[in-house]
Amino acid sequence: MHHLLEVQDLEVKFALRFGELTAINGVGFTLERGERMGLVGESGAGKSVTGFAIINLISKPGYISRGRVLFEGRALNQLSHEAMRDIRGNRISMIFQDPMMTLNPVLTVGTQMVETLLAHRRISRQAAAKIALDKLRMVQIPSPEKRLTQYPHEFSGGMRQRIVIAIALVTDPALIIADEPTTALDVTIQAEIMELLLELCQAQKTGLVLITHDLAVVSQVTEKLAVMYAGSIVEKGATDVIVNDPAHPYTQGLIRALPGIITPGSRLHQIPGVMPSLTSIPPGCPFHPRCPFCAAVCRTTPPHLAPVDSRQVACHMVATQNGRLEPTGIVETWQPDTRMTATGKAVETHGR
Amino acid sequence: MFAFIVRRIGQAVLVMLVISLVGFSIKNRIGDPVRDVVGERVTPAERAALRQKLGLNDPFLVQYVRFVENALKGDLGLSFFYKKPALKVIISKAPATLELVFVTALILIVVSLPIGVFTAIRPRNWFSRFTMAFSTLGVSIPVFLTAILLIYVFAVTLNWLPSYGRGLTVDIGGWQSGLLTLDGLKHLILPSISLASIMLPLFIRLIRAEMMEILETEYIKFAWAKGLRRSRIWFLHAFKNTLLPVITVFGVQIGIMFAFTILTETVFQWQGMGFMFLEAVERSDTSLLVAYLVVVGVIFVVVNTLVDIIYGLVNPTVRVAGRK
Ligand SMILES: Nc1ncnc2c1ncn2[C@@H]1O[C@H](COP(=O)(O)OP(=O)(O)OP(=O)(O)O)[C@@H](O)[C@H]1O
Ligand SMILES: [Mg+2]
């Protein structure tokens, strides 16, 4: 039996004017049928690009330069245009961040649901409309018959995200990629929408890749977790293992930054420094300039994912010290003083 | 929708009042209604008496109100040259201009939409690059040069098409139409192409720019992620959104096109309102000039109101705003 989704050594590059930018650098993970995985990391870590790479829809000038995306055993990035089109929105659906921007303003909600079905199934418009109605009921939209004929601007943000979820589910996909589905919503509505998405995925045995900044949500919704930093996965494994006992210094920082865990009144923890831009990723471990455990090897050799306890971690220190990190105290402030060359490698530039 | 239309018509009335005020001021300052009525060979005493009788010594506002009242009754004064009501003269010339503008608008739509859309979805294609380069050039060629070039090539050298006049027309209830005879249509070709050439580059660029912007939006990305066929994404999802700003600009440009008919009609000896306007200027036929201004103003306002209503039909946001 194949995995539902298997991403192998994925590399995504953007062919920019001044050279190639590697946005995703050797990302790999697997997902089983009905399994839910969280993909977390700072802004710009490459979460969305990974999501789009799965359905081979990276915006120009990006492209998959290495690796494979296997979906039910088929290599998606080697399929024909038509075969790939028939998987998108049918077997794999996406949910975007901002429901205010995701729906086409000049087409009715009904049209936008029905067209998805008609693009993938040989059924009549009436039959498609009936399915659409069922799905609107499923996402708890009141008086769905009337709502089908309305335009997106006649709905609130939360309602629109429900509709987007209904569109994503309209073809009963095996996998949903949700890219920060609640970030743009009111805090009060966020939990509601997340709850709905979780329930529906559970009920339909739908796999979910949940892209988010929010570790609290991840621990409620997902079974697996992958933490990304500057285009690579730095830690992956079972969600509860990682959240309760993070191994990678970056993951530790993320978890300690969660407001819920610290005592009220004390200062919010922050990881010092910022994530490097992709044009100036430091040599060695990309996290080393911000890492309190940084040693000499971290500055020269990029670490690879290696098993530690029941999860995988890409960190020299975790590997050598067997999970017991001792701060080395050398938190230098690393200055991005590098430029891209045509080959995409970051090199030191001398002088300004 | 109803409230929207009412509001739109209210604005139209306001615009017309402004136009009539400008028109009346021209007439009041430089026109000579006495001459329009009795010609130039009258004694000063008789003129003074007539001025009094025509109410020309009344205050400006009184005269303006009278002007508007008369205009509403369809009386825009007498043309000095034609010795006929100015409105009658214009109405007899209007079909020529309206048909020219109509055919030009048709050419604009039929040519610019497919080209604009194509260059947006295939920006790297050789045809797109060529069109973009050419349209930059096109913007900078003045209309009379295009017209003369067209006449030289197609009328003088190749002798394929007539270069002046309207050709054979058919009378349909007082409307002299050149659209129903082959000869009439042939005569329309060169003038309408010249007129269209002024705005064609603008429209191609506008449609292209709008379409490219729309293609980058989240909802188009979502449409791709839904696995829709690209024809549907391009020609329904993106196109319908592209149309909105294009419709607005189209409405304005149609109005501006009337200004350009003056040049085009003169070059092609086209017996329409534009040609008449230039003649009226030469003859200082003030009443006719002012009547022209008012009539073109009416056309402009009517076209824009229609365009806005069409916009409202395409754009669901406007429709609902009107419903409330
Ligand atoms: N169209 C593009 N052109 C060039 N580079 C791009 C493009 N899209 C993404 N990138 C690069 O890929 C990197 C990762 O982007 P991505 O959108 O995946 O980040 P993310 O992890 O989803 O962040 P966020 O939390 O802000 O959504 C960006 O930092 C950027 O450098
Ligand atoms: Mg993102």
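1. Some details on the packing of aromatic side chains
Any two aromatic rings considered together are summarised by their centre-to-centre distance and by the angle between their planes. Summed over all chains, the structure comprises 16 aromatic pairs over all chains. On the numbers, 5.6 Å between centres and 70 degrees between planes, the contact of B:Phe203 with B:Phe250 is edge-to-face. With a gap of 47 residues between them, B:Phe203 in helix H8 (residues 182-215) and B:Phe250 in helix H10 (residues 230-267) connect regions that are remote in the sequence. Linked through ring pairs, B:Phe24, B:Phe60, B:Tyr64 and B:Phe67 together constitute an aromatic cluster. When the ring centre of A:Phe52 is taken as origin, the NZ or CZ atom of B:Lys221, which lies over that ring, is 3.9 Å away. Seen from the ring of B:Phe81, B:Arg283 lies directly overhead, with NZ or CZ sitting 3.5 Å from the centre.

2. So, the interface of chain A and chain B
Of the residues lining the interface, 30 residues belong to chain A; the matching set on chain B comes to 21 residues. Note on chain A versus chain B: buried area summed over both sides is about 2,300 Å², and carbon and sulfur give 60% of it. Broken down residue by residue, the surface that chain A buries against chain B is led by A:Phe96, A:Val106 and A:Glu115, which jointly contribute 24%. Counting across the interface, chain A meets chain B through three salt bridges. For B:Arg229, the salt bridge identified is with A:Glu82, shortest N-O distance 3.6 Å. Applying the counting rule to chain A against chain B returns twelve residue pairs in polar contact (both at pLDDT 80 or more). Counting only elements with at least two residues in the side of chain A that touches chain B, the list comes to helix H2 (81-87), strand S6 (92-95), helix H3 (99-102), helix H4 (109-120) and helix H7 (157-169) of chain A. Sorting elements by how many residues they give to the side of chain A that touches chain B places H4(A) first, with seven residues. Per-class residue counts for the side of chain A that touches chain B are 16 nonpolar, nine polar and five charged.

3. With respect to the site of ligand 1
All names here are of chain A. Around ligand 1 sit 17 residues, and of these Ser43, Gly44, Lys47, Ser48 and Val49 come closest. For ligand 1, an oxygen atom lies 2.9 Å from a polar atom in the backbone of Lys47. With respect to ligand 1, the side chain of Ser48 contributes an N or O atom lying 2.6 Å from an oxygen atom. Considered on its own, ligand 1 offers 630 Å² of accessible surface; in the complex 69% of this is hidden by protein. Elements represented by at least two residues in the shell around ligand 1 include exactly strand S1 (5-16), strand S2 (19-31) and helix H1 (47-54).

4. Remarks on the state of the cysteines
Residues and elements named next belong to chain A. Counted by the stated rule, this structure contains zero disulfides over all chains. The cysteine Cys291 is free of any disulfide, with Cys315 supplying the nearest cysteine sulfur at 5.9 Å. Cys291 gets classed as buried once you look at its relative accessible area, which sits at 7%.

5. Structural notes on the sheet that holds strand S4 (residues 62-71) of chain A
Residues and elements named next belong to chain A. Taken in spatial order, the four strands line up as S2-S1-S4-S5 in an open sheet, and their pairing is antiparallel. Looking at strand neighbours, the two that pair on one side only are S2 and strand S5 (74-75), the edges of this open sheet. With eight bridges connecting them, S1 and S4 associate as antiparallel partners. When the sheet's bridge partners are listed, Val7 is paired in S4 with Val69. Contacts from H1 reach S1, S2 and S4, with the element oriented near 110 degrees to S1.

6. Section: the domain arrangement of chain B
Residue and element names in this part refer to chain B. By domain assignment, chain B separates into domain 1 (8-73) and domain 2 (90-323). The straight-line distance from the C-alpha centre of domain 1 to that of domain 2 is 34 Å. Taken together, the contact pairs 15 residues of domain 1 with 14 residues of domain 2. Surface buried jointly by domain 1 and domain 2 totals about 1,200 Å² across both partners, of which 70% is contributed by carbon and sulfur atoms. Area buried by domain 1 at its contact with domain 2 is led by Arg8, Met16 and Ile19, which between them contribute 39% of it.

Basis of the calculations
Residues numbered from 1 in each chain as written. Chains lettered and ligands numbered in written order. Predicted model: local features only at pLDDT ≥ 70, side-chain atom pairs only at ≥ 80, totals over all residues. Heavy atoms only, no water. Phe/Tyr/Trp six-rings, centres within 6.5 Å; stacked < 30°, edge-to-face > 60°. Helix = DSSP H or I, 4+ residues; strand = E, 2+ residues; numbered from the N terminus. Lys NZ or Arg CZ within 6 Å of the ring centre and 35° of its normal. Contact = heavy atoms within 4.5 Å. Buried area = accessible area lost by both parts, 1.4 Å probe. Salt bridge = Lys/Arg side-chain N within 4 Å of Asp/Glu carboxyl O. Polar contact = N/O pair within 3.5 Å; in protein donor to acceptor, adjacent residues only side chain to side chain. Nonpolar A, V, L, I, M, F, W, Y, C, P; charged D, E, K, R; others polar. Near = heavy atom within 4 Å. Areas by Shrake-Rupley, 256 points an atom, 1.4 Å probe, with all protein chains shown as cover. Disulfide = S-S within 2.5 Å. Buried < 20%, exposed > 50% of the residue type's maximum accessible area, 1.4 Å probe, protein only. Pairing = 2+ DSSP bridges. Axes fitted to C-alpha atoms, helices over the stretch in contact; angles between N-to-C directions. Domains from an automatic or database assignment.

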